[in-house]
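A structural walkthrough
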Amino acid sequence: MGQPSPPPRPSAPVAAEQETALPATLRRNAPLVPTDSAASRALAAVIAILTFLAALCAGAAEIVASSANQWQGSVAQEVTIQVRPSAGRDIDADVARAEALAKATAGIATTRVFSKAEAERLLEPWLGSGLDLSDLPVPRLVTLKLAESPLPDLKGLRGSLSEALPGVASLDDHALWLQRLSTMANTFVGIGIGIVALVLIATGLAVIFATRGAMAGNREVVEVLHFVGANDDFIARAFQRRFFRLGLRGGIIGSCLALAVFALAGLLAQVWRSGPAGDEIEALFGAFHIGWRGYAAVLLIGVIASVVTGIVSRLTVRRFLR
C-alpha cells in the first residue's frame, strides 16, 4: 500500500490570517513589555508630572540659594554706625565725630551719613507714612562701605566709638542678620531637597504598581519563557529596558517643561522690573535666573527619574518571579 499523502499546507493568505489571529502578546517579534499601551502612556505621563514638580522645587531652591548669596555678599560689604540722640548733646556733632572716626579706620572705603529725614523714612514700612516723628528720638545712621584690602579693623573702630561716644554710638556689623539669612536659605534648600526626594519615592511607587500590573498581564508569556529556558535575569532585563525608556521619556518631558517655565518666569521678571515694583522684585529674586547649576539640577532630575524607573522595575520583577 502506498504511504498516505501529507495533509495539504495552508495557503499564504490562510497562514497570514492565522498569524494575525494570535493574541498581541504572542505575536512574533512582539515586545515582552509593550510601551505603546494605554498603561505605558499613563505611566510616562505620571513620571513627567512628578519630574516636572521635582524640577520646579530644585530650581526654586537654586534661585533662593543664589539670591541669598547675593544678599549676604551685599550686606557683608557694609556696616552701620548708629548714633542715638541724647539729652544735652548735639546729635549733628556726634554724627560728624562718628564719621571722622570711621574715615580714620583702616579698611573703610566710603562713608555715607543719613539725614534726619532719610532716617525717618526708614521707619515708614513699620510706622506708616505721614507721621510727625520730630518728638521721637530717631537714631541717625552712618553706613560704611568696606574695602577688600586692607581688612577693616572693625574691632578697633568699635573701641574708638565706645571711648569717644560712650552710650551714644554703636557699630552693627549685621552678623545676626547674616546668620538668620543663611539659616533661612539653608532651610529652604533643605525643604526643596526633601520634596525632590519624596517625588522620586512617589515615582518609584508608581513604577512598582505599573511593573506588577505588567507582570500580571504577561504571566503566560513569562511562563512560556521559563519553559523554553529563559532565566530570571533575561526577563528582568526586558522589563528594565522597557521601563527605563518610559522613565527617560517622562523625565525628558518633565525637565523640558520645567526649563520652559523658568525661561518664561525670567521673561516676565524682566517685564515686571521695568514697572513700578521693579526694584522690589529685583531685590527679592535678582534676575530670576537659575544659572548653570539650576539647569544641571533640572536635567539631572530627569535622568535620575529614568534610572530610578529602570532599577525599581528590575527589583520588582525579580521579587515577583521569586
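Small disclaimer: the values here were computed from a predicted structure and weren't measured.

1. What about the side chain of Thr-51?
Among the structural elements, Thr-51 can be located in helix H2 (residues 38-76). A residue is classified by how much of its surface remains accessible, and Thr-51, at 3% relative accessible area, is buried. The residues contacting Thr-51, other than those within four sequence positions of it, are Gly-250, Gly-251, Gly-254, Ser-255, Ile-301, Gly-302 and Ala-305.

2. Observations regarding the environment of Val-113
Tracing the chain through its elements places Val-113 in strand E2 (residues 108-113). Val-113 gets classed as partly exposed once you look at its relative accessible area, which sits at 28%. Note: C-alpha distance between Val-113 and Thr-143 (30 residues apart in sequence) is 6.6 Å. Once you skip the residues sitting within four places of it in the chain, Val-113 turns out to touch Val-95, Glu-99, Glu-118, Arg-140, Leu-141 and Val-142.

3. Some words on the side chain of Arg-140
Turning to its location among the elements, Arg-140 is positioned in strand E3 (residues 140-146). What makes Arg-140 buried here is its relative accessible area of 12%. Among the polar contacts listed, one links the side chain of Arg-140 to the side chain of Asp-92, at a separation of 3.0 Å. Not counting chain neighbours up to four residues away, the residues in contact with Arg-140 comprise Ile-81, Gln-82, Val-83, Ile-91, Asp-92, Val-95, Val-113, Phe-114, Ser-115 and Lys-116.

4. Here we look at the packing of aromatic side chains
In the structure shown here, the tally under the stated rule is zero aromatic pairs. Above the face of the Phe-114 ring, Arg-112 is positioned so that its terminal group lies 4.3 Å from the ring centre.

5. Topic: helix H6 (residues 154-164)
Residues Leu-154, Leu-157 and Leu-161 constitute the buried set of H6. The buried side chains of H6 occupy one side of the element, clustering within an arc of 60 degrees when seen end-on. Away from its buried face, by an angle of more than 90 degrees, H6 presents the exposed residues Lys-155 and Glu-163. Against strand E1 (78-83), helix H3 (91-103), E3 and strand E4 (169-172) lie the buried residues of H6.

6. Regarding the nonpolar core
In terms of nonpolar packing, the biggest core is built from 19 residues, with Ile-235, Phe-239, Phe-243 and Val-317 touching the most fellow members. Those elements that place two or more of their residues in this core are H2, helix H7 (175-217), helix H8 (219-227), helix H9 (232-273) and helix H11 (291-321). At five residues, H9 tops the list of elements feeding residues into this core. Formed by 18 residues, the second largest nonpolar core is a distinct cluster that contains Ile-81, Ala-102, Val-142 and Leu-161.

7. Quick notes on the UniProt feature "transmembrane region" (unreviewed entry) in the protein chain
Mapped onto the present numbering, the UniProt feature "transmembrane region" (unreviewed entry) falls on residues 42-61, 188-210, 246-272 and 292-312. The span residues 42-61 is 100% helical and 0% strand by assignment, and the distance between its end C-alpha atoms comes to 29 Å. Regarding residues 292-312, the helix share stands at 100% and the strand share at 0%, and the terminal C-alpha atoms are separated by 30 Å.

8. Some thoughts on a nonpolar patch on the surface
A cluster of nonpolar side chains, namely Phe-244, Leu-248, Ile-252, Leu-300, Val-303, Ile-304, Val-307, Ile-311 and Leu-315, defines an oily patch on the protein surface of about 740 Å² accessible area. Among the elements of the structure, H9 and H11 are those that each provide at least two residues to the nonpolar patch. Looking at the nonpolar patch element by element, the count peaks at six residues for H11. Looking at the element boundaries, Leu-248 is found in helix H9.

9. Regarding the pairing of E3
The buried count for E3 comes to six of seven residues, which makes it a mostly enclosed element. With six bridges joining them, E1 and E3 adopt antiparallel strand pairing. When the sheet's bridge partners are listed, Val-83 is paired in E3 with Arg-140. Direction of pairing for E2 relative to E3: antiparallel, over a ladder of five bridges. Residue Thr-110 lies in a different strand from E3, and its bridge partner there is Lys-145.

Reading the values: rules and limits
- Residues numbered from 1 in each chain as written.
- Predicted model: local features only at pLDDT ≥ 70, side-chain atom pairs only at ≥ 80, totals over all residues.
- Heavy atoms only, no water.
- Helix = DSSP H or I, 4+ residues; strand = E, 2+ residues; numbered from the N terminus.
- Buried < 20%, exposed > 50% of the residue type's maximum accessible area, 1.4 Å probe, protein only.
- Contact = heavy atoms within 4.5 Å.
- Polar contact = N/O pair within 3.5 Å; in protein donor to acceptor, adjacent residues only side chain to side chain.
- Phe/Tyr/Trp six-rings, centres within 6.5 Å; stacked < 30°, edge-to-face > 60°.
- Lys NZ or Arg CZ within 6 Å of the ring centre and 35° of its normal.
- Arc of directions from axis to C-beta.
- Core = buried A, V, L, I, M, F, W, Y, C linked by side-chain atoms within 4.5 Å.
- UniProt positions renumbered as here; feature names shortened; annotations may be inferred.
- Patch = residues over 30% accessible without salt bridge, like charges linked within 9 Å, V, L, I, M, F, W, Y side chains within 5 Å.
- Areas by Shrake-Rupley, 256 points an atom, 1.4 Å probe, with all protein chains shown as cover.
- Salt bridge = Lys/Arg side-chain N within 4 Å of Asp/Glu carboxyl O.
- Pairing = 2+ DSSP bridges.

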